[in-house]
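A look at the structure
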Amino acid sequence: MKKIDDIEIAKMMLDIRKRSILDIAKEPVTVGNMAEELNEKPSRLYYHVKKLEEAGLLELVETRQHGNLIEKYYKRNETAGHRFELAESLLKEHHGTVMEEIMKLLQPGLKLLESELQKGMPDFEKQVNLMISLPTLTGKEWKTSQGRMMKAIREETAEQESFEDSSLPHLTEDELNKKSKYAYIMLSYRVEDAQ
């Protein structure tokens, strides 16, 4: 798993549109292919593709001549895979910016959830869900549950990466055995419903 220590790259990795482009670009694709997949006009993606290329997250891997037209094929690099971790130094120096980017991801889902709750009955055409659990666990049980959730999310993204214990919180022996109350709040929503 790649540790990101550049705030501009972190912002790109937390941006929904840029992440969507990177997800599509697992294999070489044109901006036209990306636009079709995202149900967008290609002109709305060129800026994002350029920024991702400048940041080294997207690479031009091939060009093909079709008459007077030159098609460029892009592919994401290894850094741009699904899993990443923000370096401690980046979090320390840019914690405010990181929180702003996380809020940009949360706000649309929370607004969609609020709208559905106000109706009293969820609209099943909209895909939004909130799950809350408040278990009492030892630090060891909490750490195990974190690993299980991360494994389940990786399986859902169809990117079968080996489980890395280093991605879990590091706890002291005391913390591993002490019972505490933990809050799990999982908000999931379909991005198109929130736009």
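Residues numbered from 1 in each chain as written. Predicted model: local features only at pLDDT ≥ 70, side-chain atom pairs only at ≥ 80, totals over all residues. Heavy atoms only, no water.

Our focus in this paragraph is helix 4 (residues 46–54). Where helix 4 is concerned, the buried positions are His48, Val49 and Leu52. For helix 4, the angular spread of the buried residues around the axis is 100°, confining them to a single face. Facing away from the buried surface of helix 4 by more than 90 degrees, the exposed residues are Tyr47 and Glu54. Where the residues of helix 4 are buried, they touch helix 1 (7–13), helix 2 (16–24), helix 3 (31–38), strand 2 (58–66) and strand 3 (69–76). Residue Gly56 follows helix 4 closely and has a positive phi angle near 80°. (Buried < 20%, exposed > 50% of the residue type's maximum accessible area, 1.4 Å probe, protein only. Helix = DSSP H or I, 4+ residues; strand = E, 2+ residues; numbered from the N terminus. Arc of directions from axis to C-beta. Contact = heavy atoms within 4.5 Å.)

Turning our eyes to something else, we now look at the pattern of salt bridges. Applying the stated rule across the entire model yields eleven salt bridges. Here Glu8 and Lys11 are joined by a salt bridge, their closest N and O atoms 3.8 Å apart. Separated by three residues within a single helix, Glu8 and Lys11 lie in helix 1, roughly one turn from each other. Here Glu54 makes a salt bridge to Lys51, at a shortest N to O gap of 3.7 Å. With a gap of three residues between them, Glu54 and Lys51 both fall in helix 4, about one helical turn apart. Among the residues examined, Glu54 registers a relative accessible area of 51% and is labelled exposed. (Salt bridge = Lys/Arg side-chain N within 4 Å of Asp/Glu carboxyl O.)

Our focus in this paragraph is the side chain of Lys18. Position of Lys18 among the secondary structure elements: in helix 2. Although Lys18 is buried, it makes no salt bridge; Asp15 carries the closest opposite charge, 4.4 Å away. A distance of 2.9 Å separates the side chain of Lys18 from the side chain of His48, its partner in a polar contact. Not counting chain neighbours up to four residues away, the residues in contact with Lys18 comprise Met12, Tyr47, His48, Lys51 and Leu52. (Lys, Arg positive; Asp, Glu negative; His and termini not counted. Polar contact = N/O pair within 3.5 Å; in protein donor to acceptor, adjacent residues only side chain to side chain.)

With that out of the way, let us pick up the confidence of the model for the chain. Any segment with low pLDDT has predicted coordinates that should not be analysed in fine detail. For the chain, per-residue confidence averages 84 on the pLDDT scale, and 88% of positions sit at 70 or higher. Looking across the chain, the model is least confident in strand 7 (residues 179–181), with a mean pLDDT of 75, and most confident in helix 4, with 95. (pLDDT = per-residue confidence, 0-100.)

Between helix 2 and helix 4, whose axes approach to 10 Å, the crossing angle comes to 75°. Taken together, the axes of helix 2 and helix 4 are roughly perpendicular relative to one another. In this structure, helix 2 uses Arg17, Lys18, Ile21 and Leu22 to contact helix 4, whose residues at the interface are Tyr47, His48, Val49, Lys51 and Leu52. Split into classes, the residues belonging to the contact of helix 2 with helix 4 amount to five nonpolar, one polar and three charged. (Axes fitted to C-alpha atoms, helices over the stretch in contact; angles between N-to-C directions. Parallel < 35°, antiparallel > 145°, perpendicular 65-115°, else oblique. Nonpolar A, V, L, I, M, F, W, Y, C, P; charged D, E, K, R; others polar.)

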